[in-house]
Amino acid sequence: MNKKIITRQNIRKIQSEYSYLVSFIILVLIALYFNHSFLSYSSIITLISNATITGVIACGMTLVIIAGMIDLSVGSIVALTAGLGILVLNKTGSIALCILFCLGMGLVLGLLNGVLTAYAGMAAFIATLATQCAYRSVITQIGQGGPFSVDRGILKSFSKIATGKLFGSLPVLVIFLIAAAVITWVLLTKTKFGCYVFATGSNEHAAILSGIDVRKVKLAIMGYVGLLCGLSSVLLASRMSSVTASNAGSGYELDCIAAVAIGGTPMSGGRGKIIGTFLGALMMQMISTILIAAKIDPFLTGLVKGIIIIVAVIFQKDTRNG
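Residues numbered from 1 in each chain as written. Predicted model: local features only at pLDDT ≥ 70, side-chain atom pairs only at ≥ 80, totals over all residues. Heavy atoms only, no water.

This next bit is on the overall build of the protein chain. Counting secondary structure elements, the protein chain contains 13 helices and four strands. Here the C-alpha atoms of the protein chain give a radius of gyration of 20 Å, agreeing with the 20 Å that 2.2 N^0.38 yields for 322 residues. Over its C-alpha atoms, taken along the principal directions, the protein chain stretches across nearly 75 × 55 × 35 Å. Relative to its full complement of 322 residues, the protein chain shows a buried share of 48%. On the protein chain, roughly 15,300 Å² of surface is accessible, and the fraction owed to carbon and sulfur atoms is 67%. Between the centroid of the 23 positive side chains of the protein chain and the centroid of its 9 negative side chains there is a distance of 8 Å. (Helix = DSSP H or I, 4+ residues; strand = E, 2+ residues; numbered from the N terminus. Rg over C-alpha atoms; globule rule 2.2 N^0.38 Å. Buried < 20%, exposed > 50% of the residue type's maximum accessible area, 1.4 Å probe, protein only. Areas by Shrake-Rupley, 256 points an atom, 1.4 Å probe, with all protein chains shown as cover. Lys, Arg positive; Asp, Glu negative; His and termini not counted. Charge placed at Lys NZ, Arg CZ, Asp CG, Glu CD.)

With that settled, the discussion passes to helix α12 (residues 274-293). With 20 residues, α12 extends 28 Å between its outermost C-alpha atoms, agreeing within 8% with the 28 Å of an ideal straight helix rising 1.5 Å per residue. With respect to burial, α12 is a largely interior element, 15 of its 20 residues being buried. Just past α12, the residue Lys295 takes up positive phi, approximately 60 degrees. (Expected span 1.5 Å × (residues − 1).)

This part is about the pattern of salt bridges. A complete count under the given rule lists one salt bridge for this structure. Lys218 is the partner of Glu204 in a salt bridge, and the nearest nitrogen-oxygen pair spans 3.2 Å. One end of the pair, Glu204, is in helix α9 (residues 204-209); the other, Lys218, is in helix α10 (residues 214-240), with 14 residues separating them in the sequence. Using a relative accessible area of 33% as the deciding quantity, one classes Glu204 as partly exposed. Assessed through its relative accessible area of 12%, Lys218 is described here as buried. (Salt bridge = Lys/Arg side-chain N within 4 Å of Asp/Glu carboxyl O.)

A few words now on the packing of aromatic side chains. Between two aromatic rings, the relevant description is the distance of the centres plus the angle of the planes. Taken as a whole and assessed by the stated rule, the structure comprises one aromatic pair. Ring geometry for Tyr33 versus Phe34: centroids 5.2 Å apart, planes at 85 degrees, classification edge-to-face. (Phe/Tyr/Trp six-rings, centres within 6.5 Å; stacked < 30°, edge-to-face > 60°.)

A few words on the state of the cysteines. Within this structure, the stated rule accounts for zero disulfides. Unpaired in this structure, Cys59 has its nearest cysteine sulfur neighbour in Cys256, at a distance of 9.2 Å. For Cys59, a relative accessible area of 1% gives the class buried. (Disulfide = S-S within 2.5 Å.)

Attention now goes to the side chain of Ser76. Residue placement: Ser76 occurs in helix α3 (residues 74-92). In this structure Ser76 touches Gln132, Tyr135, Arg136 and Glu253, once residues within four positions along its chain are discounted. (Contact = heavy atoms within 4.5 Å.)

Here we take up a nonpolar patch on the surface. On the surface, Val22, Ile26, Ile30, Tyr33 and Phe34 cluster together into a nonpolar patch covering about 490 Å² of accessible area. Within the element layout of this structure, Ile30 appears in helix α1 (residues 2-34). (Patch = residues over 30% accessible without salt bridge, like charges linked within 9 Å, V, L, I, M, F, W, Y side chains within 5 Å.)

Judged by nonpolar contacts, the single largest core of 93 residues is most densely connected at Met61, Phe158, Ile221, Leu282, Met283 and Met286. Among the elements that make up this core, the one with the highest residue count is helix α2 (residues 41-66) (14 residues). (Core = buried A, V, L, I, M, F, W, Y, C linked by side-chain atoms within 4.5 Å.)

Turning our attention to unusual backbone geometry. Of note, the phi angle at Ser241 is positive, near 65 degrees, even though the residue is not glycine. Following the sequence through the fold, Ser241 ends up in the loop between α10 and β4 (242-244). Ser241 gets classed as partly exposed once you look at its relative accessible area, which sits at 24%.

Let us now look at the side chain of Thr62. Among the structural elements, Thr62 can be located in helix α2. Within polar-contact distance, the side chain of Thr62 engages the backbone oxygen of Ala58 at 2.8 Å. Looking at Thr62, its side chain comes within polar contact range of the side chain of Thr277, at 2.6 Å. In contact with Thr62, not counting residues within four places along its chain, are Val260, Thr265, Ile274 and Thr277. (Polar contact = N/O pair within 3.5 Å; in protein donor to acceptor, adjacent residues only side chain to side chain.)

For any two helices packed against each other, the geometry comes down to the angle between their axes and how far apart the axes lie. Put simply, α2 and α12 touch, their axes get as near as 8 Å, and they point 140 degrees apart. Viewed along their axes, α2 and α12 adopt a mutual orientation that is oblique. Taken as a pair, α2 and α12 cross one another with a handedness that is right-handed. Taken together, the residues of α12 that come into contact with α2 (itself represented by Leu47, Ile48, Asn50, Ala51, Gly55, Ala58, Cys59 and Thr62) are Ile274, Thr277, Ala281, Leu282, Gln285 and Met286. Looking at side-chain class alone, the contact of α2 with α12 contains nine nonpolar, five polar and no charged residues. (Axes fitted to C-alpha atoms, helices over the stretch in contact; angles between N-to-C directions. Parallel < 35°, antiparallel > 145°, perpendicular 65-115°, else oblique. Left-handed = near helix turned anticlockwise from the far one by under 90°. Nonpolar A, V, L, I, M, F, W, Y, C, P; charged D, E, K, R; others polar.)

An α-helix turns once every 3.6 residues. As a result, residues three or four positions apart point the same way. When helix α8 (residues 192-202) is considered as a whole, its buried residues turn out to be Gly194, Val197, Thr200 and Gly201. For α8, the angular spread of the buried residues around the axis is 125 degrees, confining them to a single face. Every exposed residue of α8 that faces more than 90 degrees away from the buried side is listed here: Lys192, Cys195 and Ser202. (Arc of directions from axis to C-beta.)

Structure, rendered in structure tokens:
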């Protein structure tokens, strides 16, 4: 009887702690079925590069969800900062100024979400749903629904941010994603701030009673996500050379939430791992690759992602309640 109990406990522990790794391996095997060279260096680098823009944001979304919140505005923040960033770039001709503007703008918009959530007492879902609409409306109005395009005179230099390579074959995009993941991992595991994030998500009332300023924690989290959105907006503008106000960043919130969920972070908050989110971002890209290889209608991609989120949440609920 004891052996059975121990076995069940071990299985539940594996499900709870390493479900993302099992899912990753399964997807790799499926991808190999459709593409035998999937594990080649070029394929892996391409996979990571394609996952970078949403993966960077997903790192920040991990903190949001661990703290028991949600952010639906990330796609609109990317659209607004990318569009305005291109205007700044074209006006000044300075790539450095454009990058600083996008990072600063993203931080400000994220902090605004934090103020609404932490100090105005609004639920994060409602606050970021409102700002999602507001941010998108602002950039659509500024661009009149049309594209923001980088001037040809500076396009070649600006595009190197996203298309450049180190050591001859390592895309800069890969470095950005790894750096975002490492920095976020350090914040979560090596600082007091990380402890406060976990405490806030585990039991906000207990965190307040223990002396943690939960409002400042939430404000900092939202600001951090906004900062990463600003970085992603630079990468998007650099890679695409043009962004359309009405659809730039559209669906990023779904991709980021899905990456965090299938990466093993429960939507109820309180725990989570950046390595899971990193693999979750790769899994989301793998799913798109597999759907294309299987010749499944691309319009069904959203359906598949939605199902993945549902399954991930149900699975996490079972492991926590089991």
